[in-house]
Amino acid sequence: YRGDSLWWFAELYLHKERTILSAFRAAHAAEALILRERPRAIRLVSGGDVVRVVLPQVSAAHQVRYHGPSHARGRWRRICAMDMRSAGLAAAAAAAPRPRRTRIREGVTVAAFVHRAFWRTDVGDGSAESYIGPVLKALEAKLPREALAYVGVGPATNFRARRWWRPAPSADAIDKIEAFAPRRALAGSWRVWRSRHATRRAMERSDGLRRAAIIRGCDSWPIVREALAGIALLQFPWSVRAMDEAAAAFDALRPAAAVTYAEAGGWGRALGLEARRRRIPLVGLQHGFIYRHWLNY
């Protein structure tokens, strides 16, 4: 998209869904079980799609008789559910309040992109940010108020606290990123959304992806193919919309520098790509412990 590979975002989806990790673990566990127990036969009593696909193949490779289901179930039902969710996200983006045209804001030195879910509304300065508040407060002490712009990305609530209903909006000290992106700024991302099924079919026809779905000798294509569908239907349309909104914010603010955190996550990557395209320095701040197995670090 605009010359940048969207696989940056695809790997985030694969990491979050853990389908590939589950396939590796299932294959490794099945091999360890057979080598330790030396069974003559294995019967699958219950298990999800990953076990249904992997266990029969591992059993056959070790010449162990297998009894039980050997195929994934309900693929099209889950793809339809993904597509309905994709349509819902697109409708929400279309319904979001947006300006009619880009409004240039003069005098911005630093644009701070923060996640709305971690901004406390009871504090009126940068210290309201749960992770990098001290840094933002220090910037406020160094810069004139109009020189520091706060831009909020993501939903207003943490994913653990979201409900089907939405509380009444409260006054924030930050501007929503949608407020910088007129509808015409999203033209490219709408094209990607409309071609989502063509993208899905293209990945399903890819010989390279088909070969890469061989995991520890097991053909895991039935489960990998579904993960690729999620990338095409959900991840790519969201990712390019984030890129479009980040681009619009940078064009409106034209900061000398930008600052954010979780720079390896979805929003961070969108901001990084668009900042680089405009040669705007982007500072990514450490905001927590470094977990050994967490992709964002």
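Residues numbered from 1 in each chain as written. Predicted model: local features only at pLDDT ≥ 70, side-chain atom pairs only at ≥ 80, totals over all residues. Heavy atoms only, no water.

Participant: Help me out: how do you make sense of a positive patch on the surface in this one?
Facilitator: Together, R100, R101, R103 and R184 make up a region of like positive charge exposed at the surface. Tracing the chain through its elements places R103 in the loop between α4 (75-95) and β3 (110-115). For R103, a relative accessible area of 57% puts it in the exposed group. (Patch = residues over 30% accessible without salt bridge, like charges linked within 9 Å, V, L, I, M, F, W, Y side chains within 5 Å. Areas by Shrake-Rupley, 256 points an atom, 1.4 Å probe, with all protein chains shown as cover. Salt bridge = Lys/Arg side-chain N within 4 Å of Asp/Glu carboxyl O. Lys, Arg positive; Asp, Glu negative; His and termini not counted. Charge placed at Lys NZ, Arg CZ, Asp CG, Glu CD. Helix = DSSP H or I, 4+ residues; strand = E, 2+ residues; numbered from the N terminus. Buried < 20%, exposed > 50% of the residue type's maximum accessible area, 1.4 Å probe, protein only.)

Participant: Please clarify how the nonpolar core should be interpreted in this entry.
Facilitator: For soluble globular proteins, the rule of thumb is that nonpolar side chains tend to be buried together. F113, I177, I231, F250 and L253 are the most contacted members of the largest nonpolar core, which has 41 residues in total. Looking at this core, the elements that each hand over two or more residues are α1 (7-17), α4, β3, β4 (148-153), α9 (221-253) and α10 (266-277). Residue contributions to this core peak at 17 residues, all from α9. Aside from chain neighbours lying at most four places away, what touches I177 is F113, V151, G152, V153, E245, A246, A249 and W267. (Core = buried A, V, L, I, M, F, W, Y, C linked by side-chain atoms within 4.5 Å. Contact = heavy atoms within 4.5 Å.)

Participant: What is the right way to look at the pattern of salt bridges in this model?
Facilitator: Proximity of charged atoms lets side chains of opposite charge pair with each other. Scanning the model with the defined rule gives 20 salt bridges in all. In this structure, D244 engages R2 in a salt bridge whose closest nitrogen and oxygen atoms are separated by 2.9 Å. Of this pair, D244 sits in helix α9 while R2 sits in the segment before α1; the two residues are 242 residues apart in sequence, bridging distant segments of the chain. Since its relative accessible area comes to 2%, D244 is described here as buried. On the accessibility criterion, R2 (38% relative accessible area) is partly exposed. For E106, the salt bridge is made with R254, and the minimal N-O distance between the two is 3.1 Å. Residue E106 is found in the loop between α4 and β3, and its partner R254 is found in the loop between α9 and β8 (257-261); the two are separated by 148 residues along the sequence. What emerges from the salt-bridge pattern is a single network uniting R2, D4, D244, D251, E274, R276, R277 and R278.

Participant: Looking at this structure, how should I read the sheet that holds β8?
Facilitator: Note on sheets: strands pair through backbone hydrogen bonds, and any given pair is parallel or antiparallel. Pairing is parallel in the open sheet, where five strands are placed in the order β5-β4-β3-β8-β9. Looking along the sheet, the strands with just one partner apiece sit at the ends: β5 (175-176) and β9 (282-285). Pairing analysis gives four bridges linking β8 to β9, with the strands arranged parallel. In the strand pairing of β9, T260 is matched with G284. Strands in contact with helix α5 (residues 133-142) are β3, β4, β8 and β9; relative to β4, the strand with the most contacts, it is inclined by about 150°. The strands touched by α10 are β3, β4, β8 and β9; relative to β9, the strand with the most contacts, the crossing angle is about 160°. (Pairing = 2+ DSSP bridges. Axes fitted to C-alpha atoms, helices over the stretch in contact; angles between N-to-C directions.)

Participant: So what exactly am I meant to see when it comes to the environment of L285 here?
Facilitator: Locating L285 in the fold gives a position in strand β9. Dropping the residues within four chain positions of it, L285 is found in contact with I132, V135, V259, T260, Y261, A262 and E263.

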